[in-house]
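# Chains, contacts and geometry: an overview
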Amino acid sequence: MVAALAGMAPNVEITTSAGDPGAGAYIRIRVAHSLLGSNQPLFVVDGQPIDNSSPTIENSTAGTVRANRAMDLNPNDIADIQILKGAAAAAVYGSRAANGVILITTKSGQPGTNNVSYSMSYSNDEVTHLQDLQQKYGQGDGGQYYQNDAFSWGPELSAGTPVYDHAGELYQTGNRLDQNLTWSGGSDRTTYYLSLGRMSQEGIIKGNSAFDRTNLRLRGGHAFRDDLRVSASVSYTNSHADLIQQGSNVSGIQLGALRTPPDFDNTQYLTEDGLHRSYRNSTPTSVTQSRRYDNPFWITNEMPNTSDVSRTFGNVRVEYTPMSWLKVDYTLGGDWSADERSSIFPKSSSDFPTGRMIRGDLVNFEVDHNLVVTADYELGQDIVGSVALGQNLNQREFTRYQVN
């Protein structure tokens, strides 16, 4: 949803962190306002502030891609997006809006209708540009062969020596299937909207690279009297991501792949005894021997990194108009999410030859109560205006429990 805003508004910068399934997108409105803190805007859905953080359980220069939590929204449920900048945002949402506000309005039912709709979309991803790698020299340096050398400038390969495409052999066509079912409608006093969405994405990297998300959303409203209307919405999201190690990391997939000499076959990443092979240790005799750089196919098939997220958010809103010039608007909402993550480095991984496991449980919880009383007035034919009196209570909690 965030990536779709690219190019839609001036002075809004969108940066996608990676092409992996489940990768987040960074959004910044105008310029950075903080050197150390977050520069992300506040997200508000149907009047309810929601979390858009992107925490990690590993070093920021290594690990896997980060997901920003706005990706839990189903884009097919969105009716309208507005971007508030500067003083306009701060006047309504206070200090939390210092970096701007993304206002999202979701779809609702329309009086006098009863609609059931189903939609499906399919797309695929392909790598269009690969890194050029030399195919002439073997492992070593200065024309000399060295078994444990990290360079590929050893002796010139003899004619007929099989060479491998280490830049392109990792990739496949990534597939994405998005399905949505909605039921909406209403009468002159009641409206309803129910949606069920399922998105499945397979990554462009061969192996464990995928993201699946299921969304369920219910929104409804009823006018009990002409001056009193109550509405509510609730959204539930469940997602699972299989991620790949990357970055400045000896278990990062590109670091090992692009440094492999052209005559070493990375696809044969296991010996007959099931031991991890890499070009710097092609004939291992022990599980715990260092491989110095992990074989990229061993990384994608034998090193699981998962993220399982459950999230529920929504609110209840009461609109009361006791007089034609007086309106009372009360909203009470909540946002709860639990992200269970694990990263497993089996024995023989280059960084942790004896093995390592990281388990992290990240829980966000927010409650927001908002009361606004608005009075319109007219002083003669030429002077009209309004006065608003508001009160807000907001509580946010973040719990992180991690074991390495």
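Everything discussed here concerns the structure shown above.
Residues numbered from 1 in each chain as written. Predicted model: local features only at pLDDT ≥ 70, side-chain atom pairs only at ≥ 80, totals over all residues. Heavy atoms only, no water.

Further remarks concern the overall build of the protein chain. Of the regular secondary structure elements, the protein chain holds three helices and 15 strands. For 404 residues, the compact-globule estimate of 2.2 N^0.38 gives 22 Å, and the C-alpha radius of gyration of the protein chain, at 27 Å, exceeds that figure by more than 25%. A principal-axis box enclosing the C-alpha atoms of the protein chain has dimensions of 95 × 45 × 40 Å. Out of the 404 residues belonging to the protein chain, those deemed buried represent 41%. (Helix = DSSP H or I, 4+ residues; strand = E, 2+ residues; numbered from the N terminus. Rg over C-alpha atoms; globule rule 2.2 N^0.38 Å. Buried < 20%, exposed > 50% of the residue type's maximum accessible area, 1.4 Å probe, protein only.)

Attention shifts here to the packing of aromatic side chains. According to the stated counting rule, one finds three aromatic pairs in the structure shown. Between Tyr137 and Trp153, the ring centres sit 5.8 Å apart and the planes meet at 50 degrees, which makes this aromatic pair tilted. With Tyr137 in the loop between strand E7 (113–125) and strand E8 (174–186) and Trp153 in the loop between E7 and E8, the pair connects residues that are 16 residues apart, well separated along the chain. Classification of Tyr137 by relative accessible area gives partly exposed; the value is 26%. The partly exposed category is assigned to Trp153, whose relative accessible area is 44%. An angle of 65 degrees between the planes, with centres 5.4 Å apart, marks the rings of Phe345 and Phe352 as edge-to-face. What makes Phe352 partly exposed here is its relative accessible area of 23%. (Phe/Tyr/Trp six-rings, centres within 6.5 Å; stacked < 30°, edge-to-face > 60°.)

Right, let's talk about the layout of surface pockets for a bit. One number sums up the size of the largest pocket: a volume of about 980 Å³. If you go around the largest pocket, you meet 40 residues; those closest to its centre are Asp46, Gly47, Tyr93, Thr331 and Asn370. Partitioned by chemical class, the residues of the lining of the largest pocket number 14 nonpolar, 17 polar and nine charged. Here the second largest pocket is characterised by a volume of approximately 550 Å³. Every residue lining the second largest pocket is counted, 26 residues in all, and those nearest its centre are Met1, Ala3, Ala23, Arg176 and Gln201. (1 Å grid on protein atoms, 1.4 Å probe; cavity = no way out; pocket = protein on both sides within 12 Å on 5 of 7 lines; lining within 4 Å. Points joined across faces, edges and corners; volume = space filled by probe spheres on them. Nonpolar A, V, L, I, M, F, W, Y, C, P; charged D, E, K, R; others polar.)

A separate point is the side chain of Thr237. Here Thr237 is to be found in strand E11 (residues 228–242). In this structure the side chain of Thr237 is engaged in a polar contact, spanning 2.9 Å, whose partner is the backbone oxygen of Asp72. Once residues within four sequence positions are removed from consideration, Thr237 is found in contact with Asp72, Arg213, Thr214, Asn215, Val309, Ser310 and Arg311. (Polar contact = N/O pair within 3.5 Å; in protein donor to acceptor, adjacent residues only side chain to side chain. Contact = heavy atoms within 4.5 Å.)

The next subject is unusual backbone geometry. Positioned with a positive phi, Asn11 is a non-glycine residue whose angle comes to about 60 degrees. Assignment of secondary structure puts Asn11 in the segment before strand E1 (12–16). Taking the relative accessible area as the measure of exposure, Asn11 reaches 53% and is therefore exposed. Of note, the phi angle at Arg292 is positive, near 70 degrees, even though the residue is not glycine.

This part covers the environment of Gly185. Positionally, Gly185 belongs in strand E8. Residue Gly185 is classed as buried on the basis of its relative accessible area of 0%. Separated by 108 residues in sequence, Gly185 and Tyr293 place their C-alpha atoms 58 Å apart. Among all residues touching Gly185, those that are not within four sequence positions of it are Gly109, Gln110, Thr113, Asn114, Thr190, Thr191 and Tyr192.

Bringing the pairing of strand E10 (residues 210–225) into the picture now. The sheet contact formed by strand E9 (residues 190–202) and E10 spans 13 bridges and is antiparallel. By the bridge assignment, Tyr192 is partnered in E10 with Gly220. Examined bridge by bridge, E10 and E11 share 15 bridges and lie antiparallel to one another. Each bridged residue has a counterpart across the sheet, and for Gly220 the counterpart in E11 is Ala232. Joining the antiparallel neighbours E10 and E11 is a turn of two residues. (Pairing = 2+ DSSP bridges.)

Counting through the fold element by element, Gln246 comes out in the loop between E11 and helix H2 (253–259). A relative accessible area of 26% places Gln246 in the partly exposed class. In this structure Gln246 touches Ala18, Asp20, Thr61, Ala62, Gly63, Thr64, Val65, Gly252 and Ile253, once residues within four positions along its chain are discounted.

Quick look at the sheet that holds strand E3 (residues 42–45) now. Strand order across the open sheet formed by four strands is E4-E3-E6-E5, with mixed pairing between neighbours. Of all strands in the sheet, those with a lone pairing partner are strand E4 (48–50) and strand E5 (78–84), marking the two edges. In this sheet, neighbouring strand axes are inclined to one another by 25 degrees on average, regardless of whether the strands run parallel or antiparallel. Across the sheet, helix H1 (residues 86–93) touches E3, E5 and strand E6 (101–106), and the angle it forms with E5 is around 110 degrees. (Axes fitted to C-alpha atoms, helices over the stretch in contact; angles between N-to-C directions.)

Now for the nonpolar core. The biggest cluster of nonpolar side chains holds 17 residues, and the ones touching the most others in it are Met1, Val2, Ile27, Phe43, Leu73 and Ile104. Residue contributions to this core peak at three residues, all from strand E2 (residues 25–29). Here Met1 is in contact with Phe43, Ala70, Leu73, Pro75, Ile78, Ile81 and Ile104, once residues within four sequence places are set aside. (Core = buried A, V, L, I, M, F, W, Y, C linked by side-chain atoms within 4.5 Å.)

One pass over the full model with this rule turns up three cavities of 30 Å³ or more. Its volume calculated, the largest cavity comes out at about 220 Å³. In this structure, the largest cavity is lined by 24 residues; those nearest its centre are Thr64, Val65, Leu243, Ser307 and Arg341. Every element with two or more residues in the lining of the largest cavity is listed here: E11, strand E12 (305–323) and strand E13 (326–345). Looking at the lining of the largest cavity, its residues break down into eight nonpolar, 11 polar and five charged.

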